[in-house]
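Reading the structure
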Amino acid sequence: MTHLIDVDAFVEHLAAATCQAGFVVEGSDGLALQIIMHGQSMRCDLRTAYSAYQHSPARLEDVVESHLAALRSVPPPPPMPTEKEAVESLLPLLNPVDVLRGV
């Protein structure tokens, strides 16, 4: 029977594997990692990963690989809108329908 590691050890193991895979880990909080993705800080919830590990402790490395595969599949954020695009997208939200009909 495989020994079940606690939450802290699990998060530490995933953080180390994440760093080793080339991602920057800023820290952790409970079952979450703060990771820099595409230049922005991202909170990565590990509850599902830990639950999968608890159901099959012998497959810890498979859980780690799934975590890393998910991180690798995160697309970069869309580019920031130009001022004109921002105004055009906010205008309908900030004005009553009667004003928009006149525009």
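Our structure is the block above this text.
The following paragraphs examine the structure supplied in this document. What you see is a predicted model, and the numbers here were worked out from it, not measured in a lab. (Residues numbered from 1 in each chain as written. Predicted model: local features only at pLDDT ≥ 70, side-chain atom pairs only at ≥ 80, totals over all residues. Heavy atoms only, no water.)

1. Description of the pattern of salt bridges
Scanning all chains against the criterion turns up two salt bridges. The salt bridge partner of Arg 47 is Asp 45, with a shortest N-O separation of 2.5 Å. A residue is classified by how much of its surface remains accessible, and Asp 45, at 34% relative accessible area, is partly exposed. The shortest N-O distance in the salt bridge between Arg 59 and Asp 62 comes to 2.8 Å. Judged by relative accessible area, Asp 62 falls into the partly exposed class, the value being 39%. (Salt bridge = Lys/Arg side-chain N within 4 Å of Asp/Glu carboxyl O. Buried < 20%, exposed > 50% of the residue type's maximum accessible area, 1.4 Å probe, protein only.)

2. Thoughts on the packing of helix α1 (residues 7-20) against helix α3 (residues 60-72)
The interhelical angle for the contact between α1 and α3, taken along N-to-C directions, is 50°, at an axis separation of 10 Å. Considering the angle they form, α1 stands oblique to α3. Two packed elements cross with a definite hand, and for α1 against α3 that hand is right-handed. Between α1 and α3, the contacting residues are Phe 10, His 13, Leu 14, Ala 17 and Thr 18 on the first element and Leu 60, Glu 61, Val 63, Val 64, His 67, Leu 68 and Leu 71 on the second. Of the residues contributing to the contact of α1 with α3, the split by class is eight nonpolar, three polar and one charged. (Axes fitted to C-alpha atoms, helices over the stretch in contact; angles between N-to-C directions. Helix = DSSP H or I, 4+ residues; strand = E, 2+ residues; numbered from the N terminus. Parallel < 35°, antiparallel > 145°, perpendicular 65-115°, else oblique. Left-handed = near helix turned anticlockwise from the far one by under 90°. Contact = heavy atoms within 4.5 Å. Nonpolar A, V, L, I, M, F, W, Y, C, P; charged D, E, K, R; others polar.)

Functional significance is not addressed by these values, which are geometric in nature.
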